[in-house]
Every structure is written in structure tokens, then in C-alpha cells.
Amino acid sequence: MQRKLEMALAPVSLKIINESHKHAGHRVEVISSEFDGKRLVARHQMMYKLLDDEIKAGVHALSMDTKTPQEAGL
């Protein structure tokens, strides 16, 4: 998952937190210029498309925080 997101989004920051021990699935926090000019829905659609194989393989309850560097104050 990490490698796929790094290759596609060239993130300034990427955190993947496995919260399955809390029955909460995975949380992904990503800051990338690839999100510039895109609304939240479009950003999440990008992420779901990139992670389609992982989702089909059983990753569930995926929460995402997707920001541009400017939105993150970088």
C-alpha cells in the first residue's frame, strides 16, 4: 500500500496507520501536490482507485485524510 501511494502521489508526507486492533481498519494521511485543484471527493476517488487491489484483498474501514502541501501549512 505504501509503495503504491508513494509511486503514484509523490507525497510530501504519508502515514499509514493500522488501527485494526481497535476494529477501525486503516487510516491513511497523505499530503501531496497531486491533490491540487481537486475536491475531497475526487481525492478519495483517486485513493480508492489506487488501493483497489488492497480493498478487494480485505482492507476495510479505510479512513483518509488527503491534503495539499498548502492546506497542511507546508
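Heads up: the structure comes first, above all this text.
These numbers come from a predicted model, not from an experiment. (Residues numbered from 1 in each chain as written. Predicted model: local features only at pLDDT ≥ 70, side-chain atom pairs only at ≥ 80, totals over all residues. Heavy atoms only, no water.)

Q: Report on the sheet that holds strand β2 (residues 26-31), specifying residues and quantitative values.
A: As summarised here, the arrangement of the three strands in space is β1-β2-β3, forming an open sheet in which the pairing is mixed. Strands with a single pairing partner mark the edges of an open sheet, and in this sheet they are β1 (13-18) and β3 (62-67). When strand polarity is set aside, the average angle formed by the axes of neighbouring strands in this sheet is 5°. Pairing of β1 with β2, which is carried by six bridges, proceeds in the antiparallel orientation. The partner of lysine 15 across the bridge, within β2, is glutamate 29. Each of β1 and β2 is contacted by helix α1 (residues 2-9), which is oriented at about 160° to β1, the strand it contacts most. Against the sheet, helix α2 (residues 40-50) engages β2 and β3, with an angle of about 125° to β3. (Pairing = 2+ DSSP bridges. Helix = DSSP H or I, 4+ residues; strand = E, 2+ residues; numbered from the N terminus. Axes fitted to C-alpha atoms, helices over the stretch in contact; angles between N-to-C directions. Contact = heavy atoms within 4.5 Å.)

Q: Kindly report on unusual backbone geometry, identifying the contributing residues and their values.
A: Of note, alanine 10 is a non-glycine position whose phi angle comes to about 40°, a positive value. Note on placement: alanine 10 falls in the loop between α1 and β1.

Q: I'd like a rundown of the pattern of salt bridges, residues and numbers included.
A: Taken as a whole and judged by the stated rule, the model has five salt bridges. A salt bridge links aspartate 53 to lysine 4; its shortest N-O distance comes to 3.7 Å. Taken together, the positions of aspartate 53 in helix α3 (residues 52-56) and lysine 4 in helix α1 put the pair 49 residues apart, joining distant regions of the chain. In this structure, glutamate 29 engages arginine 27 in a salt bridge whose closest nitrogen and oxygen atoms are separated by 2.3 Å. Given a relative accessible area of 29%, arginine 27 falls into the partly exposed group. (Salt bridge = Lys/Arg side-chain N within 4 Å of Asp/Glu carboxyl O. Buried < 20%, exposed > 50% of the residue type's maximum accessible area, 1.4 Å probe, protein only.)

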